[in-house]
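Given next are the chains, with one letter for each unit.
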Amino acid sequence: MKKYIVTMLTAIITLVAYGQQVEVSGFVQDAENRTGIANVSIQSTKLKRGVGATDKRGYFKVSVSADDQLLFNSIGYNPVTENLAGKKVLIFNVYLSKKQNAIEEVVVQGYMARKQETMTGSSVRIDGSQLQDNPVSNVMQMLQGKVAGMNVQLNTGQPGARTSVMIRGLSNISQSGAGMDGFLTPTSPLYIVDGIQVDDNTDFAYGFNTGGVGISPISMIPPEDIENVDILKDAAATALYGSRGAYGVIIITTKRGQSKVPIIQYTTNQFLSVPPRLRATIGGMDERYARINQIMTYNNGDVWGARDLVYNNPILSDSLNPYYNNATNWQDVFYQPRYNQTHNINASGGDVTYNYKINGAYYNERGIIQNTGFSRYTLNMNAEYRPTQRFRVMSTMSGNFGSQKTGSGNSVTQGGVASASSASSLLPSPSASFVSPDIISSLAGRNDNRTNDLRTTLDMDFEVLKGLRASNQFSFNYISTRTDNFTPGIANNNNPVSYNYDSQRNVLYNLTRLNYLKEFGTHLFSTYVFSELKSTDFQAKAQQKFGYPNDQLEGPFGFNAGSALGGILNNMAELREAGFAGTASINLFSSRYIFDATYRWDRSSVVGSDIPWRRNPSLALRWNLDKEPWLTERFDWLDFLSLRGSWGKTIVPTGTIFDANGRYTYAGYFNNNQTIGFDWERMPNTRLIPSTTTQLSGAMEFGLFGNRVTTTQELYYRQVDNMLWEKPLADHNGFSKLNTNEVSMVNYGYEFNLMVRPLGQDSELYWDISLNGAWNEDVLTMLPDNNREFLLRDPQYGFHTLYRLGRNSMSHVLFNYRGTFATDADVPINPANGEALKLVSDGQTYYFKAGDPFWTDVNGDYIIDDRDAVVVGNSQPKLIGGFSTSLRYKGFTLNTQLSYTYRRDIINAALANQMSSYSSPLFGEDAGRKNAALLPLDQYLFWGQNGDVADFPNPFDYQRFGAIRPYRANQTLFMEDGSYLKINYITVGYNFPREKTQRYGITSMRVYLTANNVATFSRYSGPNPELVTSTGYDRTDGYPTARSYTCGVSVQF
Amino acid sequence: MMKNKYLRLISAITVLLMAYGCKNNFPQDLNAFSLDMNFTRVAYDPVLGRTSVFAENFNNGNSSLPLTFRISSVRAFDGRPAPELLKLFPVSIWTGRYTGEENSTEEIRAKRDTSMRPLWEIGEHSGMFTMWGTANSSILKVFPDSGYYFDVEVSSTGGRRYFRDLRLVPQLEQPYETGVSNSFILGDSTRTILFDENIDVWFNRVGEGNTLSFKMFDPDLNPISLNHFGNTKWDELLHGFNKRFASDSSVVTYDVEYPIPLSSTVTTKYTNQSGFAFVQFAFERIGLGGFRSEHFVEFPFKIHQQGDWEVIIYFNKEAPLFSND
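Residues numbered from 1 in each chain as written. Chains lettered and ligands numbered in written order. Predicted model: local features only at pLDDT ≥ 70, side-chain atom pairs only at ≥ 80, totals over all residues.

### Brief notes about the overall build of chain B
No. 1: Counting secondary structure elements, chain B contains two helices and 20 strands.
No. 2: Each principal axis of the C-alpha distribution contributes one length, and for chain B these read about 120 × 45 × 35 Å.
No. 3: When each of the 325 residues of chain B is scored for burial, the buried share is 28%.
No. 4: In chain B, of all internal contacts separated by at least 6 residues, the share reaching a separation of at least 24 is 70%. (Helix = DSSP H or I, 4+ residues; strand = E, 2+ residues; numbered from the N terminus. Buried ≥ 20, exposed ≤ 12 C-beta atoms within 10 Å, placed from the backbone. Contact = placed C-beta atoms within 7 Å.)

### A few points about the overall build of chain A
No. 1: Counting its regular elements, chain A contains 13 helices and 54 strands.
No. 2: Taken along the three principal axes of its C-alpha coordinates, chain A extends 115 × 70 × 65 Å.
No. 3: Taking all contacts inside chain A whose residues are at least 6 apart in sequence as the whole, residues at least 24 apart take part in 70%.

### Concerning the domain arrangement of chain B
Residue and element names in this part refer to chain B.
No. 1: The domain boundaries assigned to chain B delineate domain 1 (38-168) and domain 2 (176-315).
No. 2: Using C-alpha coordinates to define each centre, domain 1 is positioned 34 Å away from domain 2.
No. 3: Tallying the contact residues gives eight residues for domain 1 and 13 residues for domain 2.
No. 4: Of the residues belonging to the side of domain 1 that touches domain 2, the class tally is two nonpolar, four polar and two charged. (Domains from an automatic or database assignment. Nonpolar A, V, L, I, M, F, W, Y, C, P; charged D, E, K, R; others polar.)

### Structural notes on the packing of helix 3 (residues 285-297) of chain A against helix 4 (residues 303-311) of chain A
All names here are of chain A.
No. 1: In the contact formed by helix 3 and helix 4, the axes pass within 8 Å of each other and the chain directions differ by 150°. Considering only the axes of helix 3 and helix 4, their crossing is right-handed. Residue-level contacts link Ile 292, Ile 295 and Met 296 of helix 3 to Val 303, Ala 306, Leu 309 and Val 310 of helix 4.
No. 2: Broken down by class, the residue content of the contact of helix 3 with helix 4 amounts to seven nonpolar, no polar and no charged. (Axes fitted to C-alpha atoms, helices over the stretch in contact; angles between N-to-C directions. Left-handed = near helix turned anticlockwise from the far one by under 90°.)

### Let's talk about the domain arrangement of chain A
All names here are of chain A.
No. 1: Annotation of chain A at the domain level lists domain 1 (2-99), domain 2 (125-257 + 336-413 + 447-807 + 1009-1052) and domain 3 (817-855 + 909-968).
No. 2: The centre of domain 2, based on its C-alpha atoms, is set 44 Å off from the matching centre of domain 3.
No. 3: Partitioning the side of domain 2 that touches domain 3 into residue classes produces three nonpolar, four polar and two charged.

### Digging into helix 3 of chain A
Residues and elements named next belong to chain A.
No. 1: Along its 13 residues, helix 3 runs 18 Å from first to last C-alpha, staying within 8% of the 18 Å computed at 1.5 Å per residue.
No. 2: Residues of helix 3 that are buried include every one of Glu 287, Arg 288, Arg 291, Gln 294 and Ile 295, and no others. The buried residues of helix 3 occupy one face: seen down the axis, they fall within an arc of 135°. (Expected span 1.5 Å × (residues − 1). Arc of directions from axis to C-beta.)

### Regarding the sheet that holds strand 15 (residues 190-193) of chain A
Residues and elements named next belong to chain A.
No. 1: Here we have five strands laid out as an open sheet, ordered 10-17-18-15-16, and mixed in their pairing. The open sheet has two free edges, formed respectively by strand 10 (123-127) and strand 16 (196-198), since each of these has just one partner strand. The average undirected angle you get between the axes of adjacent strands in this sheet is 20°.
No. 2: Relative to strand 18 (residues 249-254), strand 15 runs parallel, the two being bridged by four bridges. (Pairing = 2+ DSSP bridges.)

### Examining the pairing of strand 18 (residues 277-286) of chain B
Residue and element names in this part refer to chain B.
No. 1: As judged from the ten bridges shared by strand 18 and strand 19 (residues 292-303), these two strands associate in the antiparallel manner. The partner of Ala 282 across the bridge, within strand 19, is Phe 296.
No. 2: Following strand 18, the chain reverses through five residues before pairing antiparallel with strand 19; Gly 289 in that reversal takes a positive phi of roughly 75°.

### Description of the interface of chain A and chain B
No. 1: Across the contact, 30 residues belong to chain A and 32 residues belong to chain B.
No. 2: Contributions of two or more residues to the side of chain A that touches chain B are made by strand 37 (709-728), strand 38 (737-756) and strand 39 (765-782) of chain A.
No. 3: Of the residues that constitute the side of chain A that touches chain B, the class distribution is 13 nonpolar, nine polar and eight charged.

### Focus on the nonpolar core
All names here are of chain A.
No. 1: Of all hydrophobic cores here, the largest spans 131 residues; its most connected members are Val 139, Tyr 191, Ile 192, Ile 252 and Phe 974.
No. 2: A per-element tally of this core places strand 37 first, with six residues.
No. 3: In this view, Ile 252 contacts Tyr 191, Ile 192, Val 193, Ile 221, Ile 226 and Val 229; residues no more than four positions away in its chain are not counted. (Core = buried A, V, L, I, M, F, W, Y, C linked by C-beta atoms within 7 Å.)

### Remarks on the sheet that holds strand 3 (residues 52-54) of chain B
Residue and element names in this part refer to chain B.
No. 1: Pairing is antiparallel in the open sheet, where three strands are placed in the order 3-9-8. Pairing within the sheet leaves two strands with one partner each, and these edge strands are strand 3 and strand 8 (120-122). The average undirected angle you get between the axes of adjacent strands in this sheet is 15°.

### Some words on unusual backbone geometry
No. 1: Note the cis peptide between B:Phe143 and B:Pro144, where omega equals 15°.
No. 2: Secondary-structure assignment places B:Pro144 in the loop between strand 9 (129-131) and strand 10 (148-156).
No. 3: Each neighbour pair has its own omega, and for B:Tyr258 with B:Pro259 the value is -5°, a cis peptide bond.
No. 4: Mapped onto the fold, B:Pro259 is located in the loop between strand 17 (251-255) and strand 18.
No. 5: Even without being a glycine, A:Asp133 presents a positive backbone phi close to 65°.
No. 6: With respect to the helices and strands, the residue A:Asp133 is situated in the loop between strand 10 and strand 11 (150-153).

### Section: the environment of A:Arg622
Residues and elements named next belong to chain A.
No. 1: Note on placement: Arg 622 falls in strand 31 (residues 614-624).
No. 2: For Arg 622, a count of 24 C-beta atoms within 10 Å puts it in the buried group.
No. 3: The spacing of Arg 622 and Val 858 is 236 residues in sequence and 54 Å in space, taken between C-alpha atoms.
No. 4: Setting aside chain neighbours within four positions, we find Arg 622 in contact with Thr 120, Ile 594, Ser 642 and Arg 644.

### Observations concerning the environment of A:Pro993
No. 1: With respect to the element layout, A:Pro993 can be found in the loop between strand 52 (980-991) and helix 13 (994-997).
No. 2: When the C-alpha atoms of A:Pro993 and A:Met1005 are compared, they prove to be 8.1 Å apart, with twelve residues separating the residues in sequence.

### Some details on the confidence of the model for chain B
No. 1: The predicted model of chain B averages 88 in pLDDT, with 93% of residues at 70 or higher.
No. 2: The complex prediction reports pTM at 0.83, with the ipTM value standing at 0.86. (pLDDT = per-residue confidence, 0-100.)

If you want it as structure tokens, here you go:
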């Protein structure tokens, strides 16, 4: 009521003042970051027409009558009305806040921007502003916990490496390698960067024997340049990327010029990367006494022999020798805090007719492990020209250079550092007098990886007739990568080794589209057809040379030229893909009912020759209930409510053209001539088809109480068929292997997203809380040859992986640990012959005794062997999600992002390995240079003497250690819950008021402090539950994720 | 409002049906049950009177482990029922670990117990067969009788399969066994080496007790004093206790627990590598040229039946030469 009175009064006053013209000026700024907003239309409510617009700085100056009301309106912002009546000062600032109405956001679906309320598919848009303020080498790290159903795991801390991204669960269950060295075939979604398809699944070292450099192509995109990221999840959303969209699609759009007057924005981040808390070790004298004590106690009761062992080992006995009298912290030698910086400069300008943008970025991060790091130099440009409403042309050019140093490891692990940093603390720190191959190759070796990535696109769009548009998109992507490794002679038995690898990939892509739009009253009908063609060429070369004369002279052949290796690698490929698609969309009663249908035909050269075009249909519906009068009449607190559902098929090519077509290779001599013959390694499968995903999903979206609560609830069923699987063939076939499509699995689950704004629109304090999560269950539904189960053996460590129908796709196969034998009498006895539970190792029988682990003898034969393993666990998380909050008060902002992973079984192989450090108190053949750092045991309840009821078996019995292997990692003792809650980052920012910065020619300025990777809360006893392989093993030689502290400034001129 | 309620109900039902329908078509989490599984041995011929174990007799053919085994429809060769194989008998089992380090018969007895079991058993999850030592020819039919037939049911959650007509042909008890003896002893008259065929080892069961004695006889069946065998480690000769020599040193007797050795799979200082008890009687004398020469007679043996046993070493050609040259 009060409001009305005020309005009435103002109206009366205005009437009095009517007719008087005044000049009004000021700035229109974004309420959040206080940057000027260009092209804000200013309307006079009195004249009912526009009276002007802001310039690029957000400045406006209009002449209106003194009693007018001005309406400031800009797309994406809530309109603001300013009443001039009664205003004494006619220079003022207007703050526009971003529209928070989820339903009005514009999202991309199938090459077209659509309003959220017409979206039939499941997709999420992340605004580029949410990806700022935190320097990360790979922008996907910033998306962790932001999107329901997208599982982002930073399973390595190596800067520039790939981040594991999975949308809606597993998509491929085949592994390269097995057990600890096993890596799931990567199934990153398809990335579309400014219209260019970028594949994160090829061309980089992810497993251990994969060729290629370790730089993820996504690491080449500077986050500062990102306008927004769209994550497309279900079949309807990804339908038009169907030929590669089965793993989901992520569209990254970079910034465009939007302001008539050029804007220059400069951002810098100065950050300090700090190693996380590293493992504790016993140092110096304590280590010596721990070892001596162990030898004296556990030498089978032979004290005099034990004394001789100690005396004969100078590291232990010669404690007065300065060479052995040390307490070196080996981890400090390799792990150190680093100071890094990034710079980004962005110049943009233009209007609807013509706009442009240039972004130059420099990023340099030295890793917390010596001799590792990542740097990136990028220059991106785009320009759009639209001379008339009927014609538009846009071009982007992007040149990126990335360089990664991985020391003696690869892009995932740091085996060299891990083994070198596990040296005995008694040895001196590295110096002229003490070196070991691992130390030298870690510190002095060279492992440089470089990627040059050039991307160009040209889009043209022409309206042929009213409603009918023809457009063409053309893009070219050239990626050249290079690896340059050198191991100095001292690190490799006086035999310097160099390895060079380089590859080129050309991707040519063209899409031609015809688009027709027709309106019938409140109904809208649109359709388009397109054809796409893609051509990829790839070739890689490598050479390896040994035995250079010294470490300085690298070439030309070395003294051992005969053993030099080199040539073109056999993964060279030419790949062609073609696709045709048609889509129709019907929008009835002003978006009350929306119906979409898509159909596409795809063919590619990795598909077998007997297979016709793959056909992938999709259907989707949306019902906006909020547009039903019978509903809105009743519930005025309901802002929007809609139901949508979709079904569809998408594919992704798996395998290579050689799997489908076979391979000819050099086959030796025949009749004194060199001949080319068939490669009998793998049988060509002329019926090879791409991996196919069929998805069914349904969702409900609604917003309540003036959009103070908005939520999306979604259920999905996602079936992956025709996964590639390598099958051994019986030896009478001639061929030895065949790749087939006989594996299927299903993911089904529930996703939710909840946004709450507890405070109203008019509150000074802006507070935004967002919570999301996704529960995913996976089931294996088919294996080759109708088998029920398949065991993937790990011959080295016994970390077998079991695939069994009806279970989660991959299960651990472990010995069931039931405790430790407190006394000898607790060991089960074979009633037939009086033998204790035993195991046989190298033909020798070992009886279990007090202090040994009690593993369940599943088959009851009183022998512990492979047949006693049980099937347990799931290495894939059940529930993933995130929580974020954003607080804003005047110029201050506080943003926090958390992410969580719940119910994941991981194997703490790291602890198993560290516990095993007591297995060789006499250092063994490595003489203390590796695997010799002792773990302090005070926090572990382990068996020490007869009768002890302990959590852990006796770690000291080194004589029997190699046979019993009490700390083998493949036992349930080390299977732990890998659930965690992680504080990804906390950012505190301040936007300087414009009035203060203006006199320096600065239109906006922002400073911020960010702490990244702040903390991880977990019951997991290892260092980091996230830093595990994709199959859930915590390796000891992972690259720890750094914590970083950033101080950043962003200035706009 | 009504409409809304229906709508909610309908959508809830649809979602549930969808979820159920999808899940219902998933394969069940069942064990793999391979058609390739098989018993690698179908006829079993345990010698009675001792505990025999037949292991590694089943090939699971990549089935999921563990499988469950059960003996079913045991019958005699002619198809008549064989209740004696189903009945429970008291069998001697181990409850503590036999190490060979036990210091008294009581200590050994404390590690053994009697339990009621069928004589012919299959390991529930291992598939191993055990014929318990209680079985004897008065309970079971023995060869040359054709013995028994039985079936084995193998099952897991993945399936169930019967292996029909496995055979059990018990063999007559052999109370003792001996292996090849070895010696280096000269005869006292010819002063030449006595070969294996010149030395016989006899086993006599003379009572129902729990003792084992050793005697030696010359060709005329006169006892040889065991004092001559001065290098013999009498205390470590076998896992027996209360060693006692007869007054004329012609007999040595130990209190023992049967069988000997107590466990044929546990290697102790009293056994050889093939699971036999192993005894050596040794002496030395000054031989040709004044050199010390070591002489011995050694042999492996097993005794399965409990009782007072005497082991006689009979030099059938000539008595050993003990005197110095």
